[in-house]
Amino acid sequence: MAALNDLRNGLAIKLDNIIYTIVDCQHVKPGKGNAFARTKLKRVADGAVIDRTFRASDTVETVRLEEREMQYMYRDGILLYFMDNETFDQYSLSEDFVGDGIKFLKEGETVKIKIDGNTPMTVELPTFVELAIVETDPGLRGDTASGGSKPAKLETDGVVQVPLFVKEGTKIKVDTRTGTYVERV
């Protein structure tokens, strides 16, 4: 249990059986009345952010989320299998749990998974990944870097928009947060 003074950025707490991390915490001590804390809480399960004010008399349950590096091994239907790099334990997670990041996840890639006890809570992909283009339309003569864009299918079956000059077989860097092309590798 944590009191008002224990609240800080990055702390994981449980409210109504839902786990949140504190994104922003401001302790306020008004001239009149009791102290309180204004917080922005990010729901671990889906990333939704809510505002919440805690009074001096409130207590909250803290949660210890452990961040582990795991390697993506393979996919079997709708399940994805990950292996803990330290203990070699294997975890199977559904496509829905991993979310949109699945289209940038290739075998052997290392990801960070936050775990509560033995239950995975979130999967965090590297910010940038290098992937090969397996299918795209050929560019036209005279295409430049400042021209338009075209769709390109990646080795992981994801599709990103790339500049017209990028060809099939090219390795590119993709930002996994936005799903956009960054540069050729």
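Residues numbered from 1 in each chain as written. Predicted model: local features only at pLDDT ≥ 70, side-chain atom pairs only at ≥ 80, totals over all residues. Heavy atoms only, no water.

Novice: Which parts of the structure should I look at to understand the sheet that holds strand β11 (residues 128-136)?
Specialist: Within a sheet, adjacent strands bond to each other through the backbone by hydrogen bonds, running parallel or antiparallel. An order of β13-β12-β11-β14-β15 is seen for the 5 strands of this open sheet, with the pairing classed as antiparallel. Each edge of the sheet is formed by a strand with only one pairing partner; in this case those strands are β13 (159-163) and β15 (180-184). On average, each strand axis in the sheet is tilted by 55° relative to the strand beside it, whichever way the strands run. Here strand β12 (residues 149-154) pairs with β13 via 5 bridges, running antiparallel. From the neighbouring strand, P151 faces β13, where its bridge partner is Q161. (Pairing = 2+ DSSP bridges. Helix = DSSP H or I, 4+ residues; strand = E, 2+ residues; numbered from the N terminus. Axes fitted to C-alpha atoms, helices over the stretch in contact; angles between N-to-C directions.)

Novice: Please explain the layout of surface pockets as it appears in this structure.
Specialist: Once rolled over the atoms, a probe with the size of a water molecule shows which space is left empty. Taken as a whole, the largest pocket encloses approximately 480 Å³ of empty space. Together, 18 residues line the largest pocket, and K42, V44, G47, T122 and V123 are the ones closest to its centre. Take the lining of the largest pocket: its biggest share by element is 4 residues, from strand β10 (residues 119-124). Class assignment of the residues belonging to the lining of the largest pocket gives a composition of 9 nonpolar, 4 polar and 5 charged. Reported here for the second largest pocket is a volume of approximately 240 Å³. In this structure, the second largest pocket is lined by V98, G99, D100, G101, V123, E124, L125, P126, T127, T176 and R177. (1 Å grid on protein atoms, 1.4 Å probe; cavity = no way out; pocket = protein on both sides within 12 Å on 5 of 7 lines; lining within 4 Å. Points joined across faces, edges and corners; volume = space filled by probe spheres on them. Nonpolar A, V, L, I, M, F, W, Y, C, P; charged D, E, K, R; others polar.)

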